[in-house]
Amino acid sequence: MNFIDKSCRSWIEETFSKRECVKFIPSSRDLHRCNPVCQVCQNLIRCCCGRLMVEHSWQESPPPTVSSPDPGQDGTEDWSMELHTRVSPTDAYGTIDFQDSATRVCRAKFVRVAVDTKPEALLQLMLKEWQMERPKLLFTVHGGCENFTLPPKLKQSFSKGLITAARSTDAWILTDGINTGVSKYVGEAVKTFGGHNLRKRSTVGITPWGVIDNNTDLIGRNVFRPYQPLGNPLSKRACFNSFHSHFLLVDDGTLGKSGCQQGLRRKLEKHIQLLKIHPRLNQRVPMVCVVVEGGPAIVSTVLDYVSHNPPVPVFVFEGSGRAADLLAFLHKQTDIDRQLDEDIKQDFLVRIGEVFGVDREEASRLCTLLLECMDHRQSITIFDSESEDHLAPDAAILTTTLKGTKASSAEQLNVALAWDRADIAQKDVLVYGQNWQVGSLEQAMLDSLVMDRVSFVKLLIDNGMTMSRFLTVDRLEELYNMPLGQTGHFLHHLVEDVKQTSLPLGYRLTLIDMGLVIEYLIGGAYRSTYTRKHFRATYNQLQNKDGRRVSTSSLSKQKKGLIPNLQRGRSPQDPHFFRTAQPYKGKDQSMPHGTSEESVWSPGLCEAPLLCFNFNDLFVWAVLQQRQQMALFLWQHGEEALARATVACKLYRSMAFEARQSSMNDNIEEQFKTYSLEFGQLAVNVLDCAFRQNEKMAMKLLTSEMEAWSHFTCLQIAVSSCHRPFVSHSCTQTLLTDLWTGPLNMTKNSFLKIILSLLLPPAILLLEFKSKAEMCHVPQSHEAIQFVRDTLKTGATHEETNHLANQDAEHGVPFQNRCCDSVSECLSPFTMHCLSWITRLYEFYTAPVVKFCFHTMSYLAFLMLFSYTILVKMDNEPSVQECLVILYILSTAVEKTREVLMSEPRQMRQKLKIWFSEYWNLSDFIAIILFLAGLVMRCHAEPYRTAGRITYCLDIVFWFVRVMELLAVNQHAGPYLTMITKMTSNMFFIVVMMAIVLLSFGVSRKAILSPDEAPSWSLARDVVFQPYWMIFGEVYASEIDPCDDGHPCPPASFLTAFLQAVYMFFQYVIMVNILIAFFNNIYFDMASTSNRLWKYNRYHYIMTYQDRPWLPPPLILLSHVTLGFRAIYNHFNGDPEGEEKGSGLKLYLGHDDRKKLHEFEEKVVQAFIHEQNEDFHSSQMKRIRATADRRDVHHSGRSLREGQHHSRQSCEPGLSAGSTTGPVSAGSGHNSPAFCF
């Protein structure tokens, strides 16, 4: 027994007690006639406690004898629990294992307690020791104790309504716990509609200890007792109901007498009502009394409940019989007039006498009690299962409970929120005409989010709750700082990883922390809206006007040890600050568009309005808090649904990686992966639905710039999250094809035309270009738009150009597609013709496919020159060919440097890490460094010049291998290159095992054959050289026997042949075939996915040539000079975030076009949700039809068997050995001729 069990046992025995009768008082007052007193008769006399004399446990004194009273003595003494019972620690508690069910395990906790036990101790026992979940509602079920019959429909309504309401609200059900009467019906309801989890089945039976049959079998401390609830039919005692989860056995020292539990039960109910319904809510646990059938005592019980202050609502099932029907009848009769007519009252008295079997006087008393109950008729609800006007029974019970609380609308909403019953709130609380206090609905929304009540969030949003009014800094930070156990610990862990320090105990997360976490998880150049300079300034301004937040100095003292990490990205004087969810708009804008109407005031910051939050902020919170259902719901609201799905996929994937790196629970990692796949599939489905509706608009969704998401595009986020199904979708691939070809209309023999145009530039004018309508969805780079603007400046004034640029920003159509039409009004036809030629030339040379051809031709020429350089004799001075090679490689090095500097991450370390993660970049780096080393040695005299030439010879290998990347662009060769990459990366461990076998043989062979070898580096070559070539079949047959050449044999040289045989078998037969089988397995696995992988990698290839200057090395240096001057110009004249907006390939849309795109996306989301609902309902209908078909087959089969049985009976009397019958009627139950066996 461990320490916890011992402490639990000692606490129960110290807290709870039992009562035992210690004085025998005969229940019969008849004088005993035997003289002297007969001991046999004494043992047959029962005490007032219900026990025989022999059943008492005498410890203090010997048992008294029963004798005749002396003359003059009364001889009567009333038995009293206080005077005639002894209190001692309880000796019966543990677990009951019910033996009446073979299909499910039914167990219950029990404890024997005294009738005067404190309810506080009982509640502590139930919550802490038994670990029952805290109740949000209390059902106390009263009714008949004897067996009675309920109509089938009423029984169904009672069972389903009670258990459905209890399970949906985590309610406790209190009954008598016996296997008769209404408690039996409650047990059957739990059996039919309840769950298997003991903690979820909070059905408590409060039962008298003395009425339980075989209660002595339960005596024991922390015991596990099997119990048979069927009982003895001749016994007058009761049995437990096996579908109750807990039992409180109330002991008053009597045996076979019931009723003692009612007082303790009522005290416990009142104490449960004092509990909070939820830690966040101030409301107490409501209670409802459910009445089914019942005797005369139920009338007093109902009156006690409804007359209590505050009253307890009573829910009566009409038609169940006796007391319930009398209450229902009187409730209907007093509906209009509270008084009964005299004739109705007389008939009612007769009915009471007939129902309860009492005399006139008792019936009159019960009638008075019933009429007193009707004085509180507003607390009594009658449910008629035969009526069609009633609600569902569970909804009716909860509505009665809610209205019976007599609370305000806000308090009733909180109660329904704790129950998670939005249907009750929608029907009875959020109705027209309710008076709401200021901020009550906002607080309800906050509680709904914290408690993860998705249905209530939807209900409040449908009733007009807006995020711009609800979300404030304090509320959003409260959501991030709510205690959520493992989720909160993981979020703090992410903050510690970002800040690279440990957080102090009780640290409160801020929005700036969450911004850093979001940037850390998404990676790249993503900048959260919570970490922008504009919001820093806003926060500093607000903090200077408000003393609610701590000062900078006190903040630094409070967070001592964190300052070095907090200084990253801001000055040491900047404290944590408020954030909003709108992007930075520039220095010239004091407030973003729309802030005047949608700005909100944060509590405590009353002099400066904050910018609005929106659904994006709440959606990111739900994702970071791992609330998948809430995130899926919030995903449906607001704009940019496709972007939110890809962002969630990326966040979950990054969190899964962090969980794996931190060696957390595997379940957390799998959960993150599951959530990521769910949102990833959601993004693919929405994209597919949009592509089916409108291809052009769907492709615009992929590349349109999103200000709310750090000016990223959906395609960029999907690629960063390695979402291959999204990138390999037909919509994405169609867009990538348009990006690859650019404005060129690629037809047959397109590559030949491009090569011809590169060799003969005038042939460019003969190529076919796409129209403006065909290019409206294709994104344009920032440089392309800037080129057109710079070109127009040569023919138009500065004001006209700015006017066109403003129109471009408003409409969002590619600027160069419309500018010519506008400028043609003010320019001559010749000038416009020249501009058209210039634009066409620019579009041709900047198309990625043209860049690819141009760079490929230049690269092949470079390889030819490099090959020529190392194949011919190298002179002292570099030749022209070698100079061109040197210039090409140096310009390539400059281009690689530009790629690193222009990559998305802001930190140089991150830029280098991402750049070196690509294999071809690493290969280029090695090739350039190796060539530069050879070049330095080549410029010196011998023998360094020869070493430099040899370095050239080795370096060219890397440049030839680089040609394979050019093949990756091809649709047919690309998948094979992906397979080769996969095989090369996965063969490491097999190669290591082969190397171990090779070294083990090579070292032993060399040591045996050359025992007198001198130390030298050639030993390493000799150990590996011949064993390596043996793998490929070269066995060196002439050297197998070293004694054949006539030289002296080394000692034990015969072992080398044996070792070689074993080595060849193991290495050549086993390891090589394993490697071949491994490659074969990878091939077949990759055959189905290689095409998708190639489509995913295709994006990187296209983006590589999209961002690369159009001039190939070494002419690319001219492009570098141009880019350098442009970067300097933009640095001194551009906006602070122009670099961020200009990075990447994006579709710049104006306000109207962006609004149309959002409307289209909203329609797509609605259509997708409608399709999902239809698919769900159709699948349900299919299951219903399949069930019906199986039932029909079952019935038809049974009819067939019955028909065959009847046919067998009819043909048996007249069947003879030579008789014949008609044909067999298979599968039919009709009376047709059949064989009888």
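Residues numbered from 1 in each chain as written. Predicted model: local features only at pLDDT ≥ 70, side-chain atom pairs only at ≥ 80, totals over all residues. Heavy atoms only, no water.

1. Quick word on helix H6 (residues 181–193)
For H6, spanning 13 residues, the distance from its first C-alpha to its last is 19 Å, which sits close to the expected 18 Å at 1.5 Å a residue. Regarding H6, the residues found buried are Gly181, Val182, Ser183, Tyr185, Val186, Gly187, Ala189 and Val190. Buried positions along H6 lie against strand E5 (138–143), helix H5 (152–169), strand E6 (172–175), strand E7 (203–208) and strand E10 (287–292). (Helix = DSSP H or I, 4+ residues; strand = E, 2+ residues; numbered from the N terminus. Expected span 1.5 Å × (residues − 1). Buried < 20%, exposed > 50% of the residue type's maximum accessible area, 1.4 Å probe, protein only. Contact = heavy atoms within 4.5 Å.)

2. Things to note about a nonpolar patch on the surface
Together, Leu890, Leu901, Met902, Met908, Leu912, Phe916, Leu922, Phe925, Ile926, Ile929 and Leu932 line one region of the surface with nonpolar side chains, adding up to about 910 Å² of accessible area. Mapped onto the nonpolar patch, the elements with two or more residues apiece are helix H39 (880–901), helix H40 (908–916) and helix H41 (919–938). With respect to the secondary-structure elements, Leu901 resides in helix H39. By relative accessible area, which is 48% here, Leu901 ends up partly exposed. (Patch = residues over 30% accessible without salt bridge, like charges linked within 9 Å, V, L, I, M, F, W, Y side chains within 5 Å. Areas by Shrake-Rupley, 256 points an atom, 1.4 Å probe, with all protein chains shown as cover. Salt bridge = Lys/Arg side-chain N within 4 Å of Asp/Glu carboxyl O.)

3. Regarding the packing of aromatic side chains
If you walk through the whole model with that rule in mind, you get 43 aromatic pairs. Measuring from centroid to centroid gives 6.4 Å for Trp740 and Tyr1105, while their planes differ by 80°, and the two rings are edge-to-face. You can see Trp740 sitting in helix H32 (residues 730–741) and its partner Tyr1105 sitting in helix H47 (residues 1054–1107), a full 365 residues away along the chain. Ring geometry for Trp1029 and Phe1032: centres 6.2 Å apart, planes at 55°, overall tilted. Residue classification places Phe1032 among the exposed residues on the basis of a relative accessible area of 56%. Taken together, the ring pairs in this structure connect Tyr859, Phe862, Phe866, Tyr888, Phe931, Tyr952 and Trp959 into an aromatic cluster. (Phe/Tyr/Trp six-rings, centres within 6.5 Å; stacked < 30°, edge-to-face > 60°.)

4. As for unusual backbone geometry
Each neighbour pair has its own omega, and for Glu942 with Pro943 the value is 5°, a cis peptide bond. Of note, Pro943 is situated in the loop between H41 and helix H42 (944–961). In this chain, Pro1113 is followed by Pro1114 through a cis amide linkage whose omega measures 0°. Tracing the backbone through its elements, the reader meets Pro1114 in the loop between H47 and helix H48 (1116–1133). Of note in this structure, Asn214 is not a glycine but carries a positive phi near 55°. Here Asn214 is to be found in the loop between E7 and strand E8 (220–227). With a phi angle near 60°, Gln626 is a residue other than glycine that sits in the positive phi range. Structurally, the position occupied by Gln626 is in the loop between helix H25 (615–624) and helix H26 (628–635).

5. So, the confidence of the model for the protein
Detailed reading of the predicted model is not advised wherever pLDDT is low. For the protein, per-residue confidence averages 79 on the pLDDT scale, and 78% of positions sit at 70 or higher. In this model residues 794–820 is a low-confidence stretch, pLDDT under 50, and it forms 55 contacts with partners more than four residues away in sequence or in other chains. Low pLDDT, under 50, characterises residues 1205–1237; the stretch is placed with 20 contacts to residues that sit more than four places away or in other chains. (pLDDT = per-residue confidence, 0-100.)

6. Side note on the pairing of strand E3 (residues 92–98)
Counting buried positions over the 7 residues of E3 gives 7, a clear majority of the element. As judged from the 7 bridges shared by E3 and E8, these two strands associate in the parallel manner. Pairing of Ala92 across the sheet is with Gly220, part of E8. Taken together, the 5 bridges between E3 and strand E4 (residues 107–114) define a ladder with antiparallel strand orientation. Bridging from a neighbouring strand, Tyr93 pairs with Val111 of E4. (Pairing = 2+ DSSP bridges.)

7. Focus on the pattern of salt bridges
Summed over the entire model, instances satisfying the criterion amount to 41 salt bridges. With a closest N to O distance of 3.2 Å, Arg112 and Asp91 form a salt bridge. Here the residue Arg112 occupies a position in strand E4, and Asp91 occupies one in the loop between strand E2 (85–89) and E3, the gap between them amounting to 21 residues. For Asp91, a relative accessible area of 10% gives the class buried. Measuring nitrogen to oxygen at the nearest pair gives 3.2 Å for the salt bridge that ties Lys136 to Asp170. In this pair, Lys136 sits in the loop between helix H4 (119–129) and E5 while Asp170 sits in the loop between H5 and E6, placing the two residues 34 residues apart along the sequence.

8. A few points about helix H13 (residues 409–419)
Most of H13 is tucked away, with 9 of its 11 residues classed as buried. Those residues of H13 lying buried are Ser409, Gln412, Leu413, Asn414, Val415, Ala416, Leu417, Ala418 and Trp419. Looking at the buried residues of H13, the elements they touch are H5, helix H12 (393–404), helix H14 (422–428), helix H15 (440–450) and helix H16 (454–462).

9. Brief notes about the packing of H39 against H48
In the contact formed by H39 and H48, the axes pass within 9 Å of each other and the chain directions differ by 35°. The handedness of the crossing between H39 and H48 is left-handed. In this structure, H39 uses Leu887, Ser891, Val894, Glu895 and Arg898 to contact H48, whose residues at the interface are Ile1116, Leu1117, His1120 and Leu1123. Of the residues belonging to the contact of H39 with H48, the class tally is 5 nonpolar, 2 polar and 2 charged. (Axes fitted to C-alpha atoms, helices over the stretch in contact; angles between N-to-C directions. Left-handed = near helix turned anticlockwise from the far one by under 90°. Nonpolar A, V, L, I, M, F, W, Y, C, P; charged D, E, K, R; others polar.)

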